[in-house]
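Descriptive structure summary
Each chain, written out:
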Amino acid sequence: MLTTALRNVLAHKARSLMTVLAVCLGVALVSGTLVFADSSAAAHRAAASRSFADLAVSVTPAYSRSAPDQPDVLTDDLVQRIGNVPGVAAVLPSAEGSAVLNAADGKPLRVQQGRNQAAGYVPQRHPLVEGRAPAAEGEIAVDRGTAAAGGLRLGDTVTLATDGPAMTARLVGIVTTQDTRVTSGGTLTVLDRATAQRLFAAPGHYTSIDVSAAPGVGEHELAQRITDMLPADRAEVTTGQAMADQQAIYVGTLTRGYQKLPMVFAGVSLFIGSFLVLNTFAMLVTRRTREIALLRAVGATRRQVVRSLLLEALLIGLAASAAGFVLGLGVASVLPDLLSDAGNELPDGPLVIGARSVAAALFVGVGVTVLAAWLPSRRAARIAPIEALRSAAHPAARPRLRAAAGIGLLALGVGLLVSLAGSAEDASEENLRSAMLGCGILVLALIVLAPLLVRPVIRLTGRLTRRFGVTGVLAQQNALRDPRRTAATATTLLLSTALVGGLATIGTSTGQALDRQAADGLAADHVISTGSTMTGIDPAVVQRVAATPGVRGASAIADSVAVIGGKVREISGVDPAGISQAVKLDFVSGSLQDLGPGRIAVSSSVAAETGTSTGRSVNLRIGSSESFAPYTVVGVYRDNPAARDVLGARDEVQRHSYKPGSVQRILVSGDGVSENALRTAVGNNPLLKVQDRAALVREAAGTMSELLTLMYGLLAIGVVIAALGIVNTLAMSVTERTREIGALRALGMDRAGVRRMIRLEAVTVAAFGTLLGLAGGLFGAWAVGALTGGAMKQYTLVLPWGTLALLCLSSLATGAIAAAVPARRAAALSPLEAVAEG
Amino acid sequence: MIVNSLAPQPMPGAAASTVDLTKVYGSGETRVTALDGVSIAFREGEFTAIMGPSGCGKSTLMHCAAGLDTPTSGSVRIGTTELGGLDDRQLTQLRRDRIGFVFQAFNLLPTLTALENITLPLSLAGRRPDPQWVERVVSMVGLSERLGHRPAELSGGQQQRVAVARALVARPAIVFGDEPTGNLDSRAGAEVLGFLRGCVEELGQTVVMVTHDPVAAGYADRVVFLADGRLVDEMAHPSPDRVLDVMKSFAG
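Residues numbered from 1 in each chain as written. Chains lettered and ligands numbered in written order. Predicted model: local features only at pLDDT ≥ 70, side-chain atom pairs only at ≥ 80, totals over all residues. Heavy atoms only, no water.

**Description of the overall build of chain B**
Stated precisely, the cut-off is as follows: For helices the rule is a DSSP run of H or I covering at least 4 residues; for strands it is a run of E covering at least 2, with both sets numbered from the N terminus onward. Throughout, radius of gyration means the C-alpha value; the globule benchmark is 2.2 Å times the number of residues raised to the power 0.38. Throughout, a contact is declared for two residues whenever any of their heavy atoms are within 4.5 Å. Note on areas: Shrake-Rupley, 1.4 Å probe, and residue coverage restricted to the protein chains presented here. Note on charges: Lys and Arg go in the positive column, Asp and Glu in the negative column, and His and the chain ends are not counted at all. Where a charge lies is defined by one atom per residue type: Lys uses NZ, Arg uses CZ, Asp uses CG and Glu uses CD.
Along chain B, the regular secondary structure elements total 9 helices and 10 strands. In terms of overall dimensions, chain B is globule-like: its C-alpha atoms have a radius of gyration of 18 Å, near the 18 Å expected for 252 residues. Long-range pairs, those at least 24 residues apart, make up 69% of the contacts in chain B with a sequence separation of at least 6. In the form shown here, chain B has an accessible surface area of approximately 10700 Å², with 48% of it arising from carbon and sulfur atoms. Once the 23 positive and 28 negative side-chain charges of chain B are each reduced to a mean point, those two points are 4 Å apart.

The structure is reproduced here in structure tokens:
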């Protein structure tokens, strides 16, 4: 049986190739992603242990509950004393914190929580590659990646900020670093030691003291010795290994997201690809009916027939896995380039090929192929020996059973989605999962029903193809000839169209809702914000902004958090007089008139959740204050992102702020105020964001860009696999219809006509899949969208006409392009084929 | 016994003719000369049968004369049109507009109805069928009742009658039949031959048919005999018995 299977694979190289290609694509994505994950994890680990290589123990200040205000003990004196501990080889004190800086174009550079490192200069940590070390206040060095990303050059004046006002410094040196937080897309600012101490600790104090061990002294032993000599409760000791592990884990979580997208692509391509395998084997079985019957007639058992086909699938699966794995190594080696940006890279390292990746490639490739071939092989086993003697094989179809199953599934899916859309209030995990299930059932129903829908749908599209005259009629009739084959070929496009169409619709609708949410309720033209309640804007900056030419009003807002009704909410401290021209507030009851100390206004959803209303009293704890206090609610306003959850008097919020006396937002009104003027007014502080309404909307839409990538990636995969499937089916059909095409040529159809006929057939099949997919996708989007509508007030279903048109066009084009090769082969057939014997 | 009474030059009144037609397949050791300098004319309004033992080249002669196959040397004319200079597109058009075919295996399009199959050559040419002509052809082959049926729903004889109607519908200069009764039982075969005979008599249609059946040849006005790629004999007003005698002489 092995020889038969092998012969079959080799005898139909072209067809086997299509199947191999389809499976290979998915395998490549799976194994590529896994190899990439292993490699980057290994590289991260290596980088982390490199940067902590000479570090045995690190001493950091401990938060003391008993004396929170006492200064820490990490002084030069302690450094000296640790140096005297036996077994200590060297002591390296450092003062580290965070700092953001502006790129050469004045825009904040790579601002990202936890990735904007700053440190006092330590020669061992910051090897210079250019210039010199910062020696005094007003001088800095940056690492190579930061300099490249920001376009910074030696001698440039750089604006930077740690947590307060902007400062300027001259760039005097470029260093390298092994800190993976920086090399994976962050920034490093190196200051002179005294300035770093002043900014991040206190003059003469450090944030950590790193200790290296003398040869033969273990980390844990040394840690114990140092712990013993430290003042109790005032400092902590961590071993270097623990720190390396910690940092590797931390960076690992930052980069783990990178694997998600390729894995989704891999899953989808394998899922769609499995239908192509199924279809190929189904066609093979139909074509080989006579051959299989003959085998049965000469004594092959059913089991042998099944086994022979599965063996053939196994061989194809193995070939696909091997090819896919090799391709996957290529994917793994380009992924880091795709995922890193200018200047900074994911840590470099060799490709790590783990057993897991190899096993996954094999398992996935072989598994999908054999599983997909299983159904057709069962059909093959049912072929009776008598079929060998019959002239034409008519596969027994059971349309009634199919219709019953399909309609049952359809009813189930539609019912689930409609009931969800009608009853579900929010996009809770549970509801979303039900929606996904509903969509899945719906798509399954479409796949089951597709062969029955071929006739009505293609009759409809036939009205268009008929315009091409008799070639169009023949194309339509050919597509109708074997509805099961047509449906199976269209399934790949059905799936990808449903996925992409549905996602595009949900994405566009959500995006527009976010847009509206971002700009709704805001009357001001620009927003200047810190983006964090831990940093603040100086009152002087507010004055400068207000004095900027063209500014009609500048309303300063102090943002903080407040605990109300057991939940942490966002509170905005405002000046009731000026706020109305900056924020469009819509009061359900009460007003802002009485806002003041001890009196607040709440949004309608907070009011609903805490069961409060105008005139009642609630307990509230704002920001850093220690205790709850009663506040009177003076008004309830409709939810407004610009006004956050709770409005309070600015003085009161500022008093409890983490940065007492500061404000976090300035809402600027005034036409024609330039962003640059505002940037200048805030001293080009890289900590501050200056955004106009469009930028706010863009920022909200930024979350959608990943969805777009996902969508177009899925579209590409779907189109490629669909094309392979169409080539496969048409090639088979052309072979089967050789005599017929010969007759057409003899009767006077020219080559162009034959080509057109095959192309139109492909386009008809593609159109069928696209129409069904669109119907399923849009219905799913409507149902899932209804859930989103519960969570987002501004949500309405928006059809992305452009994307949908592109989707349809690309699907139809796929059909036309995929038909090229079979069409050329059909056109090359000689009219003599019509009279050929046999 | 080589007879040279056949016209060596294209003559007026010939629907199709060949001069020194040679067709060679393969090369070297596998070289086979299927036709060896065949010159023949098919007169307008005449029903000619081409006969000969298997492998004598009778099918090849018909394929070349009908523009389905290209000769190695020599010339083929349909009416006054020399086929040698035509490209594939022109040949296709010529077949579509001026030649009708009846194949042994019927070769109807399974997806089209009988009527659609009959009018297919006109559809391919983008011409509107002349309803009166179609009506006449259809009624002549006796298919008026079954025009809406697909080939799978028709008997072999009915399918071949559809094929005959299809061959006639474009009013071709010449109809070629390749063993048109080869797949039929004798009754259905007689029916089809009757129609071919009828269209020669009633419509003045030129018909050329390849056959190995002496009874079928008996329907023709003239029989030409091929052996080893050469014309070896011809017979006017044949009867099955006389044809059989000539065939026997080849076997002997």
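**What about helix H6 (residues 156-168) of chain B?**
Residues and elements named next belong to chain B. This is how the line gets drawn: Any helix carries an expected span of 1.5 Å times its number of residues minus one. Burial classes follow relative accessibility: with a 1.4 Å probe on protein chains only, a residue under 20% of its type's maximum area counts as buried, one over 50% as exposed, and anything between as partly exposed.
Under the 1.5 Å per step criterion, the end-to-end length of H6 is 19 Å for 13 residues, consistent within 8% with the ideal 18 Å. Most of H6 is tucked away, with 12 of its 13 residues classed as buried. Of the residues making up H6, those classed as buried are Gly157, Gln158, Gln159, Gln160, Arg161, Val162, Ala163, Val164, Ala165, Arg166, Ala167 and Leu168.

**Considering unusual backbone geometry**
Residues and elements named next belong to chain B. A positive phi angle, near 65°, is found at Phe106, a position not held by glycine. With respect to the element layout, Phe106 can be found in the loop between strand S6 (99-102) and helix H3 (114-118). Phi at Arg171 takes a positive value of approximately 50°, unusual for a residue other than glycine. Structurally, Arg171 can be placed in the loop between H6 and strand S7 (174-178).

**Focus: empty space enclosed by the protein**
All names here are of chain A. The condition that has to hold: With a 1 Å grid laid over protein atoms only, a set of points is called a cavity when a 1.4 Å probe fits there but cannot get out and a pocket when it is open yet has protein on both sides within 12 Å along at least five of seven lines; lining residues have an atom within 4 Å of a point. Grid points are joined across faces, edges and corners, and a volume is the space filled by probe spheres set on the points. Each residue receives one of three labels: charged for Asp, Glu, Lys and Arg, nonpolar for Ala, Val, Leu, Ile, Met, Phe, Trp, Tyr, Cys and Pro, and polar for the others, Gly being one of them.
Taken as a whole and assessed by the stated rule, the structure comprises 5 cavities of 30 Å³ or more. If you add up the space inside the largest cavity, you get close to 80 Å³. In this structure, the largest cavity is lined by Thr4, Asn8, Arg288, Glu291, Ile292, Leu295, Val305, Ser308 and Leu309. Residue assignment for the lining of the largest cavity shows that the elements contributing at least two residues are helix H1 (2-11), helix H9 (289-297) and helix H10 (302-339). When grouped by side-chain class, the residues that make up the lining of the largest cavity number 4 nonpolar, 3 polar and 2 charged.

**So, the pattern of salt bridges**
Defined as follows: Salt bridges are identified by distance alone: a Lys or Arg side-chain nitrogen within 4 Å of an Asp or Glu carboxyl oxygen.
If you walk through the whole model with that rule in mind, you get 30 salt bridges over all chains. Of the charged contacts in the structure, one is a salt bridge between Glu609 of chain A and Lys567 of chain A, with a shortest N-O distance of 3.1 Å. Placement of Glu609 of chain A in helix H18 (residues 604-610) and of Lys567 of chain A in strand S15 (residues 567-574) is noted, with a sequence separation of 42 residues between them. By relative accessible area, which is 44% here, Lys567 of chain A ends up partly exposed. Between Arg230 of chain B and Asp36 of chain B there is a salt bridge whose closest N-O contact spans 2.7 Å. Of this pair, Arg230 of chain B sits in strand S10 (residues 230-236) while Asp36 of chain B is found in strand S2 (residues 32-43), placing the two residues 194 residues apart along the sequence. You can call Asp36 of chain B partly exposed: its relative accessible area is 28%. If you follow the salt bridges from partner to partner, you end up with Arg43, Glu46, Arg222 and Glu234 of chain B in one network.

**Focus on the interface of chain B and chain A**
Quite often, the size of an interface is put as the accessible area lost when its parts meet. Rules: Accessible area that two parts lose when put together, evaluated with a 1.4 Å probe and summed over both, is termed the buried area. Polar contacts, as used here, are pairs of N or O atoms within 3.5 Å; protein pairs need one atom able to donate a hydrogen and one able to accept it. Residues neighboring in sequence count only if both atoms are side-chain atoms.
On the chain A side, the residues contacting the 23 residues of chain B number 21 residues. In total, about 2100 Å² of surface goes out of reach between chain B and chain A, with carbon and sulfur atoms giving 66% of it. For Asp88 of chain B, the salt bridge identified is with Arg751 of chain A, shortest N-O distance 3.6 Å. The tally of links between chain B and chain A comes to 4 residue pairs in polar contact (both at pLDDT 80 or more). Put simply, the parts of the chain that give the side of chain B that touches chain A at least two residues each are helix H2 (88-98) and helix H4 (120-125) of chain B.

**Here we look at the environment of Ile174 of chain A**
Residues and elements named next belong to chain A. With respect to the helices and strands, the residue Ile174 is situated in strand S9 (residues 167-175). Overall, the relative accessible area of 5% leaves Ile174 in the buried class. Sequence spacing of Ile174 and Leu128 is 46 residues, and the spatial spacing of their C-alpha atoms is 5.9 Å. When residues no more than four places from it in sequence are discounted, the contact partners of Ile174 are Pro127, Leu128, Val129, Glu130, Val142, Asp143, Arg144, Ala147 and Leu154.

**Thoughts on the sheet that holds strand S11 (residues 208-213) of chain A**
Residue and element names in this part refer to chain A. Our working rule: In short, DSSP must find at least two bridges between two strands for them to pair. All axes are obtained by fitting lines to C-alpha atoms, using only the stretch in contact for helices, and the reported angles, taken between N-to-C directions, cover 0 to 180 degrees.
With respect to topology, 4 strands assemble into an open sheet ordered S2-S11-S1-S12, the strand pairing being antiparallel. The sheet is open, and its two borders are formed by strand S2 (88-94) and strand S12 (235-239), each paired with just one other strand. This sheet shows a mean twist of 20° between the axes of neighbouring strands, independent of strand direction. Note that strand S1 (residues 57-61) and S12 share 5 bridges and pair antiparallel. The partner of Ser58 across the bridge, within S12, is Thr238. Helix H7 (residues 219-229) contacts S1, S2, S11 and S12 of the sheet and is inclined by roughly 175° relative to S12.

**Quick word on the UniProt feature "domain: ABC transporter" (unreviewed entry) in chain B**
For clarity, the threshold we go by: UniProt positions are given in the numbering used here, feature names are shortened, and annotations may be inferred rather than shown by experiment.
What UniProt calls "domain: ABC transporter" (unreviewed entry) maps, in this numbering, to residues 16-247 of chain B. Across residues 16-247 of chain B, helical content stands at 36% and strand content at 26%; the span's end C-alpha atoms are separated by 25 Å.

**Section: the nonpolar core**
Cut-off, in case you're wondering: Buried Ala, Val, Leu, Ile, Met, Phe, Trp, Tyr and Cys residues that are joined via side-chain atoms within 4.5 Å together make up what is termed a nonpolar core.
Of all hydrophobic cores here, the largest spans 87 residues; its most connected members are Phe281, Leu474, Met757 and Ile758 of chain A together with Leu120 of chain B. Top element by residues in this core is helix H22 (residues 705-736) of chain A. It accounts for 13 residues. Discounting chain neighbours no more than four positions away, the residues touching Leu120 of chain B are Val470, Leu744 and Leu747 of chain A together with Leu109 and Leu112 of chain B.

**Re the packing of aromatic side chains**
Each aromatic ring pair is described using two quantities: the centre-to-centre distance and the angle formed by the ring planes. Just so we agree on the cut-off: Two aromatic rings from Phe, Tyr or Trp, using only the six-membered ring of Trp, form a pair when their centres are within 6.5 Å; if the ring planes differ by under 30 degrees the pair is stacked, by over 60 it is edge-to-face, and anything between is tilted. Comment: the charge-over-ring label is applied if NZ (Lys) or CZ (Arg) is within 6 Å of the ring centre and within 35 degrees of the ring normal.
Evaluation of the coordinates by the stated rule reveals 5 aromatic pairs over all chains. Judged by centre distance (5.6 Å) and plane angle (40°), the rings of Phe779 of chain A and Trp782 of chain A are tilted. Separated by 3 residues within a single helix, Phe779 of chain A and Trp782 of chain A lie in helix H24 (residues 751-791), roughly one turn from each other. The exposure class of Phe779 of chain A is partly exposed, given its relative accessible area of 24%. Aromatic rings pair up to connect Phe101, Phe103 and Phe176 of chain B into one cluster. Stacked on the ring of Phe628 of chain A, the Lys or Arg Arg621 of chain A has its end atom at 6.0 Å from the ring centre. Its end group placed over the ring of Trp133 of chain B, Arg171 of chain B keeps NZ or CZ at 4.2 Å from the ring centre.

**Digging into the packing of helix H25 (residues 801-818) of chain A against helix H26 (residues 820-827) of chain A**
Residue and element names in this part refer to chain A. Closest axis-to-axis distance for the H25/H26 pair is 5 Å, and the angle between their directions is 35°. Residues Ala816, Ile817 and Ala818 of H25 lie in contact with H26, whose contacting residues are Ala820, Val821 and Pro822. A breakdown of the residues in the contact of H25 with H26 according to their chemical character gives 6 nonpolar, no polar and no charged.

**Some thoughts on the sheet that holds strand S4 (residues 73-78) of chain B**
Two pairing modes exist for strands in a sheet, parallel and antiparallel, and in both the strands are linked by backbone hydrogen bonds. All names here are of chain B. Within the open sheet, the 4 strands sit side by side as S2-S1-S4-S5. Their pairing is antiparallel. Here the strands that pair on one side only, and so sit at the sheet edges, are S2 and strand S5 (81-82). Relative to S4, strand S1 (residues 14-25) runs antiparallel, the two sharing 5 bridges. When the sheet's bridge partners are listed, Val19 is paired in S4 with Ser75. Contacting S1, S2 and S4, helix H1 (residues 58-65) crosses the sheet at an angle of about 120° to S1.

**Considering the domain arrangement of chain A**
Threshold: What fixes the domain bounds is an automatic or database domain assignment.
Considered domain by domain, chain A is made up of domain 1 (57-250), domain 2 (412-521 + 694-838) and domain 3 (526-672). One C-alpha centre belongs to domain 1 of chain A, the other to domain 3 of chain A, and the line joining them spans 36 Å.

**A look at helix H11 (residues 355-381) of chain A**
For an α-helix, 3.6 residues make a turn, and residues three or four places apart therefore share a direction. This is how it is decided: Bend is computed residue by residue as the angle between axes fitted to the seven residues ending at the residue and the seven residues starting at it.
With 27 residues, H11 of chain A ought to run about 39 Å at 1.5 Å a step, and its terminal C-alpha atoms sit 37 Å apart, in line with that. Of all the bends in H11 of chain A, the largest measures some 35° and sits at Trp374 of chain A, one to four residues before the proline Pro376 of chain A.

**Points about a nonpolar patch on the surface**
All names here are of chain A. The test is simple: The patch calculation keeps residues exceeding 30% relative accessible area without a salt bridge and links them within 9 Å when they carry like charges or within 5 Å when they are nonpolar (Val, Leu, Ile, Met, Phe, Trp, Tyr).
Residues Leu314, Leu318, Leu351, Ile353, Val358 and Leu362 make up a contiguous nonpolar surface patch of about 450 Å² in total accessible area. Looking at the nonpolar patch, the elements with two or more residues in it are H10 and H11. With respect to the element layout, Ile353 can be found in the loop between H10 and H11. What makes Ile353 partly exposed here is its relative accessible area of 44%.

**Regarding the state of the cysteines**
Residues and elements named next belong to chain A. Keep this limit in mind: A pair of sulfur atoms, both from cysteines and within 2.5 Å, is called a disulfide here.
Within this structure, the stated rule accounts for 0 disulfides over all chains. Between Cys808, a free cysteine, and Cys439, which holds the nearest cysteine sulfur, the sulfur-to-sulfur gap is 19 Å. Exposure remark for Cys808: the relative accessible area of 24% places this residue in the partly exposed category.

**Some details on a positive patch on the surface**
Residues Arg455, Arg459 and Arg466 of chain A together with Arg150 of chain B make up a contiguous surface patch of positive charge. The residue Arg455 of chain A is located in helix H13 (residues 429-465) in this model.

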